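Listed below, chain by chain, are the residues.
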Amino acid sequence: MPTLRPHTPADYDLRRDCCSYGYFLLAPNSWDPRTCTLWRPLRTSEGVFLTHTAQPRGPGTTLRIGITGRPGAAARREIAAQITRMLRLDEPHETLRAFHTLDPRWAPSGRGRLFRSPTLFEDVIKTVTSCNVTWPSTVTMNRRLCDVLGRPGQPPARLKAPLSVRDFPTASALSRARPASLRARCRVGYRDARIVELGKRFARLKGGIDAAWLENPSTPDDAVFDALIDLPGIGPYAAANIMQLMGRYRRLPLDTESVRHGRSILNMRGTPAAIMKRMAAHYAPFGEHAFRSYWLELWDFYESKHGPAWTWERDTTGRMFTAALLNKQP
DNA sequence: GGTAGACCTGGACGC
DNA sequence: GCGTCCAGGTCTACC
């Protein structure tokens, strides 16, 4: 079986850094808590390959990416690049150090890298499927999108892959879907036409967007925010969330979870709108790392309820990790 | 510029 | 098993 050894930062801890944001629980990602392995089908120019990424020698050692099938040199490079994006293996050490200097609470644990998707498009769709729904619906929508529109990869011959080997649908595949079919088969509800339109924009079929420009670090935050908020289904919350997934942490995606956090942990009082204003002011001193400080506080709360995220089973704890649901747990 | 109501789904709850 | 209520962010119409 082909194996890749991507460049791995000296402080990298797969358990900590992969299980750091809810998207690691969404299809087609699959974290196996027993083996501490991330399973994930990835699309390349040579087809879809099922990968599994582990850190067999423990934190701080080189990751190993096992690949089912026979990828050529180009496909291997594409797989390594996608895993690097998902796990933020290329995040400069100085950036993390700057974050830990600004917010020393996370220096001892080394936290700061937040999981994301292999492509900006997948992060955008995952964000849209997380709006105006409870987390279990987000889980269902992503699983169905993969089952219905993802291309199958080669299943492993001997290894037991925990889940489906279908990848996440491409922009092109979603641009060709019929809204009614998306609604009926993927349970995306009123998001149907918006998702198809996003597929068209990212496939650059109609009013196409320039993903390279969006992802270019020299593009100003405000310009990125304005471009994102122009997209269908993307409002202030979604735009800010997509920005943090792009590594732009200055804006906070404020939602009902933020209000819950403001009230219960930070002892803020007032209407939801007033609390959101106070939340923005509260984290403003963390500047370009504001979201990381905010998110790690939230994540800490979730883990205080149900143990370290790397132990969460996708189909049990992983379906109920928002505070509203966790608070109902015994 | 601010606000009210519709949009959909799935889970919780009561009967 | 069925009906009702509720949570959730975006969008549009309206003031």
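The model shown is predicted, which means the values in this text are computed figures rather than measured ones.

Draft legend 1. Region of the structure containing the sheet that holds strand 4 (residues 47-54). One open sheet accounts for five strands, arranged 1-5-4-3-2; its pairing is antiparallel. Across the chains shown, the open sheet's two edge strands, defined by having one partner strand only, are strand 1 (3-4) and strand 2 (30-32). Pairing of strand 4 with strand 5 (residues 64-67), which is carried by four bridges, proceeds in the antiparallel orientation. Looking across to strand 5, one finds that Thr53 is bridged to Ile65. Here helix 2 (residues 73-87) sits on the sheet and contacts strand 1, strand 3 (37-44), strand 4 and strand 5; the angle it forms with strand 3, its principal contact strand, is near 130°.

Draft legend 2. Focus on the packing of aromatic side chains. A complete count under the given rule lists 13 aromatic pairs for this structure. Note on Tyr21 and Tyr23: the rings are 4.9 Å apart at their centroids and 70° apart in plane angle, and the pair reads as edge-to-face. Judged on exposure class, the residue Tyr21 and its partner Tyr23 are both buried. Taking 6.2 Å as the distance between ring centres and 65° as the angle between the ring planes, the aromatic pair formed by Phe301 and Tyr302 counts as edge-to-face. In terms of burial, Phe301 and Tyr302 fall into one category: buried. Ring pairing ties together the aromatic residues Tyr21, Tyr23, Tyr249, Tyr283, Phe286, Phe291, Tyr294, Trp295, Trp299, Phe301, Tyr302 and Trp312, which thus form one cluster. The positively charged end of Arg251 is found above the aromatic ring belonging to Phe225, 3.8 Å away from the centroid. A cation over a ring is seen here: Arg260 above Phe301, with NZ or CZ 4.2 Å from the ring centre.

Draft legend 3. Geometry of helix 8 (residues 192-202). Of all the 11 residues making up helix 8, eight are buried; the element is thus mostly covered by neighbouring parts of the structure. If you check which residues of helix 8 are buried, you get Asp192, Ile195, Val196, Glu197, Leu198, Gly199, Arg201 and Phe202. Here the buried face of helix 8 lies against helix 4 (120-128), helix 6 (171-176) and helix 7 (179-186). Directly beyond the C-terminal end of helix 8, a positive phi value near 60° is found at Arg204.

Draft legend 4. Quick look at the protein's contact with DNA strand C. Close to DNA strand C lie 15 residues, the nearest being Asn132, Gly233, Gly235, Ala238 and Asp255. When the atoms of DNA strand C within 4 Å of the protein are grouped by moiety, sugar and phosphate amount to 60% of the total. Between a base nitrogen of DNA strand C and a side-chain N or O atom of Tyr190, the distance comes to 3.2 Å. At 3.0 Å, a backbone N or O of Gly235 approaches a phosphate oxygen of DNA strand C. A total of three residues in the surface near DNA strand C trace back to one element, the largest contributor, which is helix 11 (residues 236-245). Looking at the surface near DNA strand C residue by residue, the classes come out as nine nonpolar, four polar and two charged.

Draft legend 5. Summary view of the protein's contact with DNA strand B. Inspection of the region around DNA strand B gives Asn132, Ser137, Arg183, Arg187, Gly189, Tyr190 and Arg319 as its neighbouring residues. The contact in question runs from a phosphate oxygen of DNA strand B to an N or O atom on the side chain of Arg183, over 2.6 Å. When grouped by side-chain class, the residues that make up the surface near DNA strand B number one nonpolar, three polar and three charged.

Draft legend 6. Looking closely at the pattern of salt bridges. Inspection of the entire model under this criterion finds 19 salt bridges. Residue Asp17 pairs with Arg113 through a salt bridge whose shortest N-O separation is 3.8 Å. Taken together, the residues Asp17 in helix 1 (residues 14-18) and Arg113 in the loop between helix 3 (93-102) and helix 4 connect sequence positions 96 residues apart. The burial state of Asp17 is the same as that of Arg113; both residues are buried. Among the ionic pairs, Glu122 bridges to Arg40, the shortest N-O distance being 2.8 Å. Residue Glu122 is found in helix 4, and its partner Arg40 is found in strand 3; the two are separated by 82 residues along the sequence. Glu122 gets classed as buried once you look at its relative accessible area, which sits at 3%. On the accessibility criterion, Arg40 (3% relative accessible area) is buried. Several salt bridges converge on common partners, so that one network encompasses Asp11, Arg16, Asp17 and Arg113.

What counts, and at which threshold
Residues numbered from 1 in each chain as written. Chains lettered and ligands numbered in written order. Predicted model: local features only at pLDDT ≥ 70, side-chain atom pairs only at ≥ 80, totals over all residues. Heavy atoms only, no water. Pairing = 2+ DSSP bridges. Helix = DSSP H or I, 4+ residues; strand = E, 2+ residues; numbered from the N terminus. Contact = heavy atoms within 4.5 Å. Axes fitted to C-alpha atoms, helices over the stretch in contact; angles between N-to-C directions. Phe/Tyr/Trp six-rings, centres within 6.5 Å; stacked < 30°, edge-to-face > 60°. Buried < 20%, exposed > 50% of the residue type's maximum accessible area, 1.4 Å probe, protein only. Lys NZ or Arg CZ within 6 Å of the ring centre and 35° of its normal. Near = heavy atom within 4 Å. Polar contact = N/O pair within 3.5 Å; in protein donor to acceptor, adjacent residues only side chain to side chain. Nonpolar A, V, L, I, M, F, W, Y, C, P; charged D, E, K, R; others polar. Salt bridge = Lys/Arg side-chain N within 4 Å of Asp/Glu carboxyl O.

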